[in-house]
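# Architecture at a glance
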Amino acid sequence: MALPAFAILMIAEAVVTTIHGQNVYALKDFAGSMSQLAINSGVRLAIGGALIGLHFFLYQFRLFETPDGPLGWLLTFLVIDFVFYWYHRAQHRVRFLWCAHVVHHSSEYMNLGTALRQSPTGPLTKAMFYWPLPLLGFDPLVIASAGAVATIYGFWTHTQVVKHLWWPLEWLLVTPSHHRAHHGSNPEYVDKNYGNFLIAWDRLFGTFELEVAPVRYG
């Protein structure tokens, strides 16, 4: 449902960067990103029902009860963000997982289209980390909802248009500046800034790096 908004934002980004003389899009590279998006979306549609069915099955045996309402949704969102940090970190440190994730890092351009450059096997590897959540008492539908919002948030951090945010937000949240560094192949940026929503996890676990030197992508 978010794809039309994503398309409008990509067009706007392409127009703005072209006006400012920035070369952030290349036709063949963008086509590659969109082809990966199409395949990834097909896999998601094919296995999505089975995965949420597995979550409902495990939810029957939950160990705890999470709060209902906004508090429960927020708690689920924060836990998903924490799990994603470790999943993303494993994607970079475990070769089997990197074989899938390297697709996302293969572009030498950083733009909103790159955010959609996702591996076809990504939904399967992600399920390996998320299955404990329903056992811990997190409602499968809330997991799906909070996960969708987290995914949408991760889209906008793949841009060069936004340089820096107000410093308290830069300290707490994952921003485009942080994520540009994550996509860098510069030695100081390799295996840094794994977070999706909160950069606090990287600060806490020693994987944070500021964007200082110009980033070399790919």
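Preceding block: the structure.
Report follows, based on the coordinates. (Residues numbered from 1 in each chain as written. Predicted model: local features only at pLDDT ≥ 70, side-chain atom pairs only at ≥ 80, totals over all residues. Heavy atoms only, no water.)

### Overview of the overall build of the protein
Basically, it comes down to this: Numbering of helices and strands runs from the N terminus, with a helix taken as a DSSP run of H or I at least four residues long and a strand as a DSSP run of E at least two residues long. For the radius of gyration, the atom set is restricted to C-alpha positions; the globular benchmark scales as 2.2 Å times the number of residues to the power 0.38. Only protein chains enter the accessibility calculation, which uses a 1.4 Å probe. A residue is then buried if its area is under 20% of the maximum for its type, exposed if over 50%, and partly exposed in between. In this description, contact between two residues means that some pair of their heavy atoms is separated by no more than 4.5 Å. We get accessible surface area from the Shrake-Rupley algorithm with a probe of 1.4 Å; when it comes to residues, only the shown protein chains can shield them.
Across its full length, the protein holds 11 helices and 0 strands. Listed N to C, the secondary structure of the protein is α-α-α-α-α-α-α-α-α-α-α in terms of helices and strands. Against the globule reference of 17 Å for 218 residues, the protein gives a C-alpha radius of gyration of 18 Å, in line with a compact fold. Overall, the C-alpha framework of the protein stretches about 55 × 35 × 35 Å when taken along its three principal axes. Evaluated residue by residue, the protein yields a buried proportion of 43% over its 218 residues. In the protein, once contacts between residues fewer than 6 apart in sequence are set aside, the share between residues at least 24 apart is 73%. Counting only carbon and sulfur atoms, one obtains 73% of the accessible surface of the protein, whose full area is about 11,500 Å².

### A word on helix H2 (residues 27-59)
Rules: To estimate the expected span of a helix, count its residues, drop one, and scale the result by 1.5 Å. Here the bend at each residue means the angle between axes fitted to two seven-residue stretches, the one ending at that residue and the one beginning there.
For H2, built from 33 residues, the straight-helix expectation of 48 Å at 1.5 Å per residue is met to within 8% by its first-to-last C-alpha distance of 45 Å. Of all bends in H2, the biggest is about 50°, found at Ile 47. Those residues of H2 lying buried are Asp 29, Ser 33, Gln 36, Leu 37, Asn 40, Ile 47, His 55, Leu 58 and Tyr 59.

### What to know about the packing of helix H3 (residues 69-93) against helix H6 (residues 122-130)
Inclusion rule: Note on method: axes are straight lines fitted to C-alpha atoms, helices fitted across the in-contact stretch only, with angles between N-to-C directions ranging 0 to 180 degrees. In this scheme, roughly parallel covers angles under 35 degrees and roughly antiparallel covers those over 145, while 65 to 115 is roughly perpendicular and the rest are oblique. Should the near helix be turned anticlockwise from the far one by less than a right angle, the crossing is termed left-handed; should it be turned clockwise, right-handed. Classification convention: Asp, Glu, Lys, Arg as charged; Ala, Val, Leu, Ile, Met, Phe, Trp, Tyr, Cys, Pro as nonpolar; all other residues, Gly among them, as polar.
Here H3 crosses H6 at 120°, and the two axes come no closer than 10 Å. Accordingly, the angle class assigned to the pair H3 and H6 is oblique. The handedness of the crossing between H3 and H6 is right-handed. Packed against H3, whose contacting residues are Ile 80, Val 83, Phe 84, Trp 86, Tyr 87 and Ala 90, the element H6 presents Gly 122, Thr 125, Lys 126, Phe 129 and Tyr 130 at the interface. When its residues are assigned to classes, the contact of H3 with H6 shows 8 nonpolar, 2 polar and 1 charged.

### Here's the deal with the packing of aromatic side chains
Which entries qualify depends on this criterion: Working definition: rings of Phe, Tyr and Trp (its six-membered ring) pair if their centres are within 6.5 Å, and the pair is stacked with planes under 30 degrees apart, edge-to-face with planes over 60 apart, and tilted otherwise. Note on criteria: charge over ring means Lys NZ or Arg CZ within 6 Å of the ring centre, with the direction from the centre no more than 35 degrees off the ring normal.
The final tally for this structure, using the stated rule, is 16 aromatic pairs. Arranged with centres 5.0 Å apart and planes meeting at 80°, the rings of Phe 77 and Phe 197 form a pair that is edge-to-face. Of the two residues, Phe 77 sits in helix H3 while Phe 197 sits in the loop between helix H10 (176-182) and helix H11 (200-205), which places them 120 residues apart along the sequence. Through a chain of ring-to-ring contacts, three or more aromatic side chains come together here, namely Phe 82, Tyr 85, Trp 86, Tyr 194, Trp 201 and Phe 205. Between Arg 62 and the ring centre of Tyr 59, over which it is positioned, the NZ or CZ distance is 4.1 Å. Note that Arg 203 overlies the ring of Phe 208, its terminal NZ or CZ placed 4.0 Å from the centroid.

### A look at the environment of His 183
Mapping His 183 onto the fold places it in the loop between H10 and H11. Note on His 183: relative accessible area 5%, which makes it buried. Along the sequence, His 183 and Arg 216 sit 33 residues apart, while their C-alpha atoms lie 8.1 Å from each other. Not counting the four nearest positions on each side in its chain, His 183 is found in contact with His 104, His 105, Met 110, Thr 114, His 158, Val 215, Arg 216, Tyr 217 and Gly 218.

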